Amino acid sequence: MPIYAYRCETCGFAKDVLQKMSDAPLTDCPSCGKSSFKKQLTAAGFQLKGTGWYATDFRNGGTSAPATKTAAAESCPAAEGCGAGGCAANAA
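Residues numbered from 1 in each chain as written. Predicted model: local features only at pLDDT ≥ 70, side-chain atom pairs only at ≥ 80, totals over all residues. Heavy atoms only, no water.

A. Inspection of the overall build of the chain at higher detail. For the chain, the helix and strand inventory stands at two helices and three strands. In the chain, the order of α-helices and β-strands from amino to carboxyl end is β-β-β-α-α. For the chain, buried positions account for 14% of its 92 residues. Summarising the internal contacts of the chain: among those between residues at least 6 apart in sequence, 27% fall at separations of at least 24. Only carbon and sulfur atoms are counted for the fraction: they give 55% of the accessible area of the chain, which is about 7,600 Å². (Helix = DSSP H or I, 4+ residues; strand = E, 2+ residues; numbered from the N terminus. Buried < 20%, exposed > 50% of the residue type's maximum accessible area, 1.4 Å probe, protein only. Contact = heavy atoms within 4.5 Å. Areas by Shrake-Rupley, 256 points an atom, 1.4 Å probe, with all protein chains shown as cover.)

B. Molecular detail of the packing of aromatic side chains. For the structure shown, the criterion picks out two aromatic pairs. Ring geometry for Y6 and F37: centres 5.2 Å apart, planes at 15 degrees, overall stacked. Here Y6 is found in strand β1 (residues 3-8), whereas its partner F37 is found in strand β3 (residues 37-39), with 31 residues between them in sequence. Given the relative accessible area of 3%, F37 is considered buried. (Phe/Tyr/Trp six-rings, centres within 6.5 Å; stacked < 30°, edge-to-face > 60°.)

Distances and angles like these do not, on their own, reveal function.
The following block contains the structure:
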């Protein structure tokens with residue numbers, strides 16, 4: 001649930017209130033009792049810190065990295081035949 005900042009336009013009383021987004025805004029000031037309690041416009045209460053996805057996922061401008069050999073392909077003496085329907089090293 002978001003926290004909303006309220007301030008009374010009559011007496012200046014200010015309060016932060018935890019409310020559901022679907023709740024009706026408060027209107028009556030808890031300090032003076034007048035109906036001049038208004039919701040204030042405030043900055044977002046969170047910050048994004050760290051390297052983020054943009055620095056790691058799209059570093060190459062959207063191009064994918066070149067494919068690398070798998071460990072099985074590197075250990076196979078006939079790596080060019082592996083993965084294409086059978087290993088040439090085991091055929092015989």
